[in-house]
Amino acid sequence: MDLIVGHNNADFDAFSSLVAAKKIYPNSKLLLPGSHERSVREFLSLVKDKIKIEKERTCDLSDVKRLVIVDTRHKSRIGIAAKLLDDPSVEVHIYDHHPRTPHDIKPDKDIFQEVGATVSILIDILRKRKSVKVTPLEATIMLLGIYEETGSLTYRTTTKLDVDTVSFLLSRGANLSAISSYLNRELTPEELTFLTALISSTKVVIVNGINVAVATGTIKRFIGELGAIVRKLQDVENFPVLFVLFKIGDSIRVIARSRLKEVDVNKILKRFGGGGHRSAASAKVGREDADNFEEKLLNALRSQIKVKIFARDIMDFPVKVIADDKKIIEAKKILERLHLKGAPVVKKNKLVGIITLGDIKKAILRRYGHAPVKGYMSRALVTIKPDTPLHMIQKIMFEKNIGRLPVMKNKKLTGIVTRTSVLKSVHRDIFKKHTYFKKKQARLNISTKMKQVLPKQILEMLHVIGKNADCEGLRAFVVGGFVRDMLLGVKNLDVDIAVEGDAISFGRHLARIFGGSLVVYKKFGTSSIVIDWPKGLRKSPGSGPKFKIDFAAARKESYEKPAALPTVRFSSLKNDLQRRDFTINAMAASLNKQSFGQLIDFFGGEKDLENKVIRVLHDGSFIDDPTRIFRAVRFEQRFGFRIDKYTEDLIKTAIREGMFSRTQNHRIRDEVILMLKEPEPMKAISRMKELHELRFIHKKIFVRKSTAVLFMKIKNTFSWYTKSVFRRRHVDLWVMYLAALLDKLDFTETKSVCDKFAFRRSVRIRLLSCKKRCEKILRPLSSKKLSASGVYSILEPLSFEEILFIRSKAKSRLTVKRITDFFAEYNKVKIKIGGHDLKKLGLKPGPVYKKILDEILHKKIDGDIKTKKDELMYVKKML
């Protein structure tokens, strides 16, 4: 008989490896020695009738001929099964993903592979035996093991085999909902209390440029699973390297986690008799003072974490330099030609300063284009040496706010390190070359699709533009979102035309043909034709009173510095499309007669549309323009697409680098408004939360379930209002959504958001008024004693956005009814007398007029007054 055994304190990888191994060794018994993690215990309690696990105290070892050990290779961790190791007649097989050590069990067969989870090794063997079938229950158990051990495929130990195995298990019916319920369990009150204490005790030590967190806690009684607490601590605080020291009596239990390749926690804890793998390990240390052990641990870290990257490894050389007597205008041409944002300045081959495109721009604005560079260069030089380590370079750039550092050796300039050099070094995995884009453009003709999707009025206009482009000897294309939406079959009336030539002259020519006016933006080489809406063409929601066609010369944009607005140069169509944000927005369709409808797709946008993918065009896209991050989320949620992994990594890198802090706030504001104007803004908000983008609006914005509920209620309230017979004025739905997003901020914090992003005065007034009055108003509105005129007095001073927001937040049916009555009845009530009537009665004009007229209005709302005669009688009675 065969016995398959896992390790004590079993996790899902150990349990799922047992189940997978059973498929390889069908005539076997399964044993999990000792105690198990809580989630595993709960799962076993449900499946014990389907999967039989032997109990250690009753497990008969007498007829075992082969011992199969999974997910461990340590004798001390397999319980009573360790007795079989002393029997030479028992054959021993091991399947494990943990690195081998000298103290391991010496098996007859040792299957080791450096993957994320042991169960992946076993399933790989099963897949090669095509006759073996896997049930949905077994697939779910196996997937639990992989997801737990790889952090749902996010840990750096994850391999392609783990990913392929996940795909295989999903195809065999693995249930993701069940997996989520077991992996994302809530901590018990005892575990949560201990976690809070651990967070308070945590200190961060910098070891050769790497932040290492060390937390210490004392265990006096059973508090729950230590592994679960450590996982939650790392998730909450996002430490790259974490060591947690649990003091249990006279001994210390250490659990370590690492997300960095530079820190192998398995090697470190081996020194203390522990083990595991590169990103997760543990050790038990007997009779050791915690402070002494912590010092030993830090010494071990210092010896293991070595600085591997220095300035000489990442610097650019030879260095492009500019002479100090070179004219500003000439320096500008040099930098633009070389695609540089700055360069060192030399005098007789000696470094004397740094000049940037920003410095050059200031000089040109002040009409000093012909002045020498030395007058505008920065003389406050900060230099480094070839052996300056990477973490010191990062520190200098951050503290000095410097984008480039000259590298000096023996007083000679030998290289230069830029922000981009550092970024690509720190996140080198992200910047590996990926072969995403097609080398040749697609030659698909979409003229038939254009006829099917576009209104005939728009199609006729495009033919006129193409015909006139032929006459002028130009190539004209419809580009961007218009092409994207047309391929998706979505109506889009924002017509953008790219011209390989003079877009302003061409726009002027077409303005005469269409009988419209021309708006010119000379700096950008663009123009817009503004005409009356074509007859029979239905306006889109939110469209202006006039129809507009935008014309732009095909151009190339460069960014003087990250997050800045671009500098524009005229170029080819390919360069024009390459400057755009995403592949799906970087397509064009020809309008010239001979090639009308030909799709121009250099970057695989049409395929990405088909695969429902949002993909960036180049590595520096989000660094050049961080607001593209908002657009990526907006498009992803609007179309039900997904941001591809590479693009998401670039987004996270840009966020970590703090690129939003360098972006003009009004640009972030405009993107937030566009996001809130989406049909389902909560989807985009939730995605922003995942990407940690919301903190750039305000650090205290937290999206909870209650936020989603409030957004849903606002949507329903707005729908109710727009469909009602008493709709009387336009309401900005996005303002209500913004109020919901800021709902948990106090008045001062809301005001700071308004100030930071410079919202229009009308928006600011509504937001702050809502923040000040909303909660105060809800209480009296739910009071049974409030009269109709009382309701009117409360609601009448408010904007409709505020009133509808209050209705969305209201829990009382009475409050909702009163707001409905306000719109349906109270707000329509008008009195028939005016100031002239009061004057006839002998009243002297003044503030008393308003007081009297308001009182009459309230009486009329309450039903006490009905006719003009009643109104006059009441005034006389008052007098």
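> Explain the side chain of Thr 356 here, please?
If you trace the backbone, Thr 356 turns up in strand 14 (residues 350–356). Under the relative-accessibility criterion, Thr 356 is labelled buried at 19%. Among all residues touching Thr 356, those that are not within four sequence positions of it are Leu 335, Lys 341, Gly 342 and Arg 404.

> Which parts of the structure should I look at to understand the side chain of His 93?
Relative to the assigned elements, His 93 resides in strand 4 (residues 91–96). Residues within four places of His 93 in sequence aside, it is in contact with Tyr 25, Arg 66, Leu 67, Val 68, Ile 69 and Lys 109.

> Would you take a moment to explain the packing of helix 4 (residues 136–150) against helix 5 (residues 160–171) for this structure?
The geometry of a pair of packed helices is captured by two quantities: the angle between their axes and the separation between those axes. Their axes nearest at 10 Å, the elements helix 4 and helix 5 cross at an angle of 150°. One way to sum up the angle between helix 4 and helix 5 is to call them roughly antiparallel. When you trace helix 4 past helix 5, the crossing you get is left-handed. Here helix 4 contributes Ala 139, Met 142, Leu 143, Ile 146, Tyr 147 and Thr 150 to the contact with helix 5, which in turn contributes Asp 162, Thr 165, Val 166, Leu 169 and Leu 170. Of the residues assigned to the contact of helix 4 with helix 5, the class counts are eight nonpolar, two polar and one charged.

> Is there a simple way to think about the pattern of salt bridges in this case?
Oppositely charged side chains can pair when the atoms bearing their charge come close. In this structure the tally under the stated criterion is 44 salt bridges. For Lys 23, the salt bridge goes to Glu 138, with nearest N and O atoms at 3.0 Å. Of the two residues, Lys 23 sits in helix 1 (residues 12–24) while Glu 138 sits in helix 4, which places them 115 residues apart along the sequence. Looking at Glu 138, the relative accessible area reads 16%, which means it is buried. Taking the shortest distance from any N to any O, the salt bridge between Asp 755 and Arg 764 comes out at 2.4 Å. Salt bridges sharing partners connect three or more residues here, namely Asp 581, Asp 625, Arg 628, Arg 631, Arg 634, Arg 667 and Glu 671.

> What am I meant to see in helix 31 (residues 788–795) here?
Residues separated by three or four positions in an α-helix point in the same direction, a consequence of the helix having 3.6 residues per turn. Within helix 31, seven of the eight residues are buried, which leaves the element mostly enclosed by the surrounding structure. Three or more residues of helix 31 are buried, namely Ala 788, Ser 789, Gly 790, Val 791, Tyr 792, Ile 794 and Leu 795. Where helix 31 is buried, its residues meet helix 30 (761–781), helix 32 (800–809), helix 33 (813–824) and helix 35 (847–861).

> When you look at the packing of helix 28 (residues 733–741) against helix 32 in this model, what are you seeing that I'm missing?
Put simply, helix 28 and helix 32 touch, their axes get as near as 9 Å, and they point 50° apart. Classed by the angle they form, the pair helix 28 and helix 32 counts as oblique. In this structure, helix 28 meets helix 32 at a crossing whose hand is right-handed. Along its contact with helix 28, which presents Val 735, Met 736, Ala 739 and Ala 740, the element helix 32 presents Glu 801, Leu 804 and Phe 805.

Criteria and thresholds
- Residues numbered from 1 in each chain as written.
- Predicted model: local features only at pLDDT ≥ 70, side-chain atom pairs only at ≥ 80, totals over all residues.
- Heavy atoms only, no water.
- Helix = DSSP H or I, 4+ residues; strand = E, 2+ residues; numbered from the N terminus.
- Buried < 20%, exposed > 50% of the residue type's maximum accessible area, 1.4 Å probe, protein only.
- Contact = heavy atoms within 4.5 Å.
- Axes fitted to C-alpha atoms, helices over the stretch in contact; angles between N-to-C directions.
- Parallel < 35°, antiparallel > 145°, perpendicular 65-115°, else oblique.
- Left-handed = near helix turned anticlockwise from the far one by under 90°.
- Nonpolar A, V, L, I, M, F, W, Y, C, P; charged D, E, K, R; others polar.
- Salt bridge = Lys/Arg side-chain N within 4 Å of Asp/Glu carboxyl O.

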